[in-house]
Each structure stands twice: as C-alpha cells, then as structure tokens.
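Understanding the architecture of this molecule
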Amino acid sequence: MQLLSVNVSLPKEVPYKGATITTGIFKEPVAGRVRVRTLNLDGDGQADRKVHGGRDMALYAYPVEHYPYWQTALGRAPFSFGQFGENLTVRGLAEEQVRVGDRFRVGDALLQVTQPRIPCYKLALRMSTGPDFLRRFLESGRLGFYLRVLEEGEIAAGDPIERVESDPGSVTIAEFIRAYRSGSRDPDSLRRVLASRDLGEAWRLHLERTLEAAESAPNPWGWDGERTFVVDRRVAETETVTSFYLAPKDGEALPPFKPGQFLTLGLDIPGQPRPVTRTYTISDAPNPDHYRLSIKREPPPAHRPESPPGLASSYFHDQVQPGTRLRVKAPRGGLWLDPRAETPVVLVSAGIGLTPMLSMLNAIVAAGSARPVWFIHGTRNAREHVMGEHLRRLAAAHDNVQLHVRYSRPEPGDVVGRSHDGVGHVTADVLKRLLPPAAYDFYLCGPTPFMRSLYNGLLDWGVAEDRIHSEFFGPASVLKAGAELAPTPVSNAERSPAFEVVFARSGVTAAWDPGVGSLLELAEAHGLRPDSSCRAGICQTCLCKRLAGEVTYRVEPLDRPDPGAVLICCAVPASDLILAI
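Attention in this report is confined to the structure presented alongside it. (Residues numbered from 1 in each chain as written. Predicted model: local features only at pLDDT ≥ 70, side-chain atom pairs only at ≥ 80, totals over all residues. Heavy atoms only, no water.)

Glancing now at the pairing of strand β18 (residues 325-332). Taken together, the five bridges between strand β13 (residues 226-236) and β18 define a ladder with antiparallel strand orientation. Following the sheet pairing, Phe-229 is matched in β18 by Leu-326. In this structure, strand β15 (residues 262-267) lies alongside β18, joined through four bridges in antiparallel fashion. What sits directly across from Phe-262, in β18, is Arg-332. (Pairing = 2+ DSSP bridges. Helix = DSSP H or I, 4+ residues; strand = E, 2+ residues; numbered from the N terminus.)

Right, dumping it as structure tokens:
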C-alpha cells in the first residue's frame, strides 16, 4: 500500500450555469513533504465544509486502480493525479479492502477511515461531464473514502501506507456504499453500518433516520413493486364515502400489515397522460383475503372552488366497479399501532381521518386484547358519520372499548345518546373531561388545524411528545404552536393536489401531489432533468434557489441548506412554490 500523490487546491471562484460558485475540487499534485492538519493539508481548503470537510472529512483518498476504468468509460486520455478532487491518490486501498475505523500510518501522520465520498455536482464540473456522470459514479461503487486526522504529521508522495488497526466488526467502505444505495430497502445492512466503530456522527444520525423509516416500511412478507388487485365489491358507507374491497388477482394470501398503514396505487385514469399515483389508508384489520379502502369523494379545495374535484376519488366513485383491476404496492407508513401492546390507547380522529383508527380498533378487537381503548371521533352529522353503527356495536360488545362521537353540525334527526354523544368539535379540553387518569398513547388523524390544535393541547396538558403519534409530510415540529402549517397529513384518505409549483426557468407549472413524492420527482414527471445524485439530502447536487413559497423535508438532509435554497430530492412544498429550475 502506497501514497502515490498528494494533491491540494485552495477554493476559487469558477463559472457554473450562468452563476459563480466557489470550489476547491481542482486539485493539483505537490512535491515534497506536506503538513497534515486536523481539518486539511497545508495549501488545501474546502469551499463548503458541511459537504466536503470538517473533522470526519479532513482528507479524501481515491484508489489509483479506478483511473483506467474511468479513462475507458469516458474515452479520455490518462488523467493526472487529483482528477477526482482527492487529496491522496493511493494504491492498494480499494473500497473492498478498507473498513470504517481502519487506522493507517502515513509518514508521520495517523489517519482513520470514516466514510465513503458521496459525489456532488462539482465533481461533474471537474470531470467536464453532464450531471448524469454523478449517477454513474455513484452506481459504480468507485467512490473513494474520507479520513480523519488522529495525529498530525508530514506526508509525501511515495510514502508507504501501513495499516495499524482494523476492526473486523466494522463494514468495509464497499459494504457501506451498498447499504447507502439500498437505503430503507435493506435495514439489516443499515444496522451493520451503524454497528461500525468510529462512524462519523453526521452519518450516524442520517442512517438512524433511514433505519427508522425502514422499520415503518412494508414488512418482510410484503412484495416488491406493484401487484395486481381486483375490486371484489364496493359498499356505500355514506353519501360521500364508499368502501372498496381489493383482492389479489393471483389468489395468494395477503401479508399482514401494521394497522394504520396505507396502500399506494397506480391508477390508469381515462384522459390522463400518465398513471396517477395515490395513497389510501387501509380501513380494516389485517385480513388474508382482501384490503379495504374507505374513500371519500373529495370536493374542490375550499380556497379554490373553481378547481375540479378530487381526480382519483372521483375516478373511484364514478368508474371503479367490481372487477376493476388496480396496481397496488405493499402496505407502508409510519403511523401504526401494535395491537398486542397493553398500554391504554386513545384513537382520535375527525372526518375521513378515522380510517387508520378503524384499522387500529378492529385489529385490537380481532386480537382479543383487553387493552383499554378510547375511540373519540368528530364529524358533522349522521349523514357523514362513517361506520357509526359498527363502532357502537364494538363498544357495546367489548368492555375495554369506550366510544365518544361529537357532531359539529347535527341535523334534526340526530339525537344525543343514540347517534352521537356530544355537540361541537373534538378538542383537548374534551379529552381532559372524558379520560380517567392513565399513561395513554394518543393517535391523531384529521385535517391540519384539528391535528395542530390537539397536538398542542395535549402538550399543554403535560402529555409527553413521544406518546403522541401522527404522520405528516414534514417534521412533527410543524404541529407545534408558532410553527409553519404543514401539508395535509399522510393519513387522510385522499392525497389530492394541494400546491402549485412553478419551475420558473423552464416555464413549467405543475400541481404537486404527495403520491408523486419529492420536488425532484415532480420535476422529472414533467420532463425536467434537474441535477441530482444521492436523492437522500446528502450531496447537495440538487440544491436550487427558492424564489417564493415554503417547503418541508420528508427526509431530514444531512445538512440543511441556507435560507432561500432547497434540496429538491427530499423536499416537498408546504405552500404554493416558485423554484429557479
């Protein structure tokens, strides 16, 4: 193992897409011995230490064995050392041969491996290629790795590299790369990376978030991709809500799911240029024969009455009949309940937000659990009360189930004590009056103002934040008093278009739909190709200027960008939005 070249560059300004950026990626070899310091080499600097720099990314090493591969792939003449922006060009240290935490003596310095390099757009600039090179670079696995400096010293080209310590329990850089690329699809690999000694703190936090998402993804008995289902029957629950029973076309038993999770459907709606993606909460307990979706016909948004009604809900209500085939992805979602737990639980909902709560309650009853359950629901009146008779039958048959329903606009035939239990909205004060003292878990689902009011009311009441469960596109903090309002919660029955996104430089305007996903995915669905690479909020390749509007992050970036900028690979709108794309 040998150090072939030491390469440095101070940050400089260069033109990029009509703007000026600062970068230190244009490294050049230097002769003689160079002092290694805690944050970099003498004569070297990083333009942005949040992305490439800091203690855990003080030096970047790249194996010379990869040079011929890229020379052939790109049709280039032999590269000079430093071509990939590396500080150290090395021999004999491929990604498969190096583990996180490995310590190497190079000259007088002691260096430790921390993590792989995730490419950003500046590498494509350095390589004089299009942004597609970043994806090719990442997919190749030939990324190199970062080092922290444990002992400062001097190094020079030609120095031998001696491995002085290695922990076989830590993953190799190649394994790290594969786990990163697999993300939430391979939680076991994420756990192996997290078990590695001396993993950088920023990566540890990011991988812990990814693992948390993985644990709420489809269970191991689910399926990959889409599966064809057939509508077995439809049942009108109210004037505006209909339940659809979906059975698998192949006749195989369905996997269990976590009560509260939802299905993602690809809908071929006549007149639409491409399939429409929607997510709907499963409204019943796990059943090996079918899934039940209870879907509300969505009217035009109240603030845009001139807009058309919900596209997908209208399709279901007007066109989906027994025998209709649907493409369905496996259940997923982070708002779920373990029916085997024993903690007293309060299921609180408003309107069609009761669908995940129905799934949870039915699952508890089906499990034969004696767990104390309060089912508290608010709706306008009996005409809009979904499955009211079913809920009253469950409460009458099971001593552990307590039911309280409030009507905000009761009609003349609605009678307290028969159709409902109180008049008005469900609030934290209502819960305080109803609930006897106990350490409850609270599950919330309904319109944004309803959830925000309850969330803050429960916190003011002294309920611990980790006992309040809900699911939002964005951090839970947006529910807190004084925070920006978040987009519609995931668990609402219809994820209809909520915000308008203008891609100003392209002249494209699109309606954002949570089923589409991130702003990057929305742009791509409308024929745009913004620069991107990691798609996980790490590399900052997708960074763009926000001209107007607000966003939230579905996946927390490794480092949040400055105000006025957006990482579109993991961001979604929280209002109408204008982006410089």
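Looking now at the nonpolar core. Counting 62 residues, the largest nonpolar core has Leu-59, Leu-88, Leu-111, Phe-137 and Ile-155 as its most contacted members. Top element by residues in this core is helix α4 (residues 173-182). It accounts for five residues. In this structure Leu-111 touches Val-36, Leu-59, Leu-88, Asp-102, Arg-103, Phe-104, Val-106, Leu-147, Arg-148 and Val-149, once residues within four positions along its chain are discounted. (Core = buried A, V, L, I, M, F, W, Y, C linked by side-chain atoms within 4.5 Å. Buried < 20%, exposed > 50% of the residue type's maximum accessible area, 1.4 Å probe, protein only. Contact = heavy atoms within 4.5 Å.)

With that out of the way, let us pick up the pattern of salt bridges. This structure, assessed with the given rule, holds 25 salt bridges. For Asp-44, the salt bridge is made with Lys-27, and the minimal N-O distance between the two is 2.6 Å. Of this pair, Asp-44 sits in the loop between β5 (34-36) and β6 (59-63) while Lys-27 sits in the loop between β3 (19-23) and β4 (28-29), and the two are 17 residues apart along the sequence. A salt bridge links Asp-102 to Arg-163, with the nearest nitrogen and oxygen atoms 2.7 Å apart. Residue Asp-102 is located in the loop between β7 (88-91) and β8 (103-106), and its partner Arg-163 is located in strand β12 (residues 161-165); the two are separated by 61 residues in the primary sequence. On the accessibility criterion, Asp-102 (0% relative accessible area) is buried. Classification of Arg-163 by relative accessible area gives partly exposed; the value is 31%. Each of Arg-103, Glu-165, Arg-197 and Asp-198 takes part in one network of salt bridges that share partners. (Salt bridge = Lys/Arg side-chain N within 4 Å of Asp/Glu carboxyl O.)

Attention now moves to unusual backbone geometry. Of all residues except glycine, most have a negative phi; of all peptide bonds, most are trans. A positive phi angle, close to 55°, is found at Ser-128, a residue other than glycine. Structurally, the position occupied by Ser-128 is in the loop between α2 (121-127) and α3 (132-140).

What follows deals with the sheet that holds strand β14 (residues 241-248). Strand order in this open sheet of six strands is β16-β15-β18-β13-β14-β17, and the pairing throughout is antiparallel. If you trace the sheet from one side to the other, it starts and ends with β16 (276-281) and β17 (291-296), each paired once. Strand-to-strand twist across the sheet, computed as the mean angle between neighbouring axes with direction ignored, equals 40°. Summarising the sheet, β15 and β16 pair through six bridges and their orientation is antiparallel. Across the sheet, the residue bridging to Thr-264 is Thr-279, located in β16. Along the sheet, helix α7 (residues 311-319) makes contact with β13, β14, β15, β16, β17 and β18, crossing β16 at roughly 75°. (Axes fitted to C-alpha atoms, helices over the stretch in contact; angles between N-to-C directions.)

What follows deals with the packing of aromatic side chains. Using the criterion set out here, one finds 20 aromatic pairs in the structure. Ring geometry for Tyr-315 against Phe-316: centres 6.0 Å apart, planes inclined by 70°, an arrangement best described as edge-to-face. Residue Tyr-315 shares its accessibility class with Phe-316, and that shared class is buried. A centroid spacing of 6.0 Å and a plane angle of 65° characterise the contact between Tyr-440 and Phe-442, whose relative ring orientation is edge-to-face. The buried category is assigned to Phe-442, whose relative accessible area is 2%. Here the aromatic residues Tyr-60, Tyr-62, Tyr-67, Tyr-69, Trp-70, Phe-79, Phe-81, Phe-84, Phe-137 and Tyr-146 are joined through ring pairs into a cluster of three or more. We note Arg-142 situated over the ring of Tyr-69; from NZ or CZ to the ring centre the distance is 3.6 Å. Residue placement shows Lys-258 over the ring face of Trp-336; its charged tip is 4.2 Å from the ring centre. (Phe/Tyr/Trp six-rings, centres within 6.5 Å; stacked < 30°, edge-to-face > 60°. Lys NZ or Arg CZ within 6 Å of the ring centre and 35° of its normal.)

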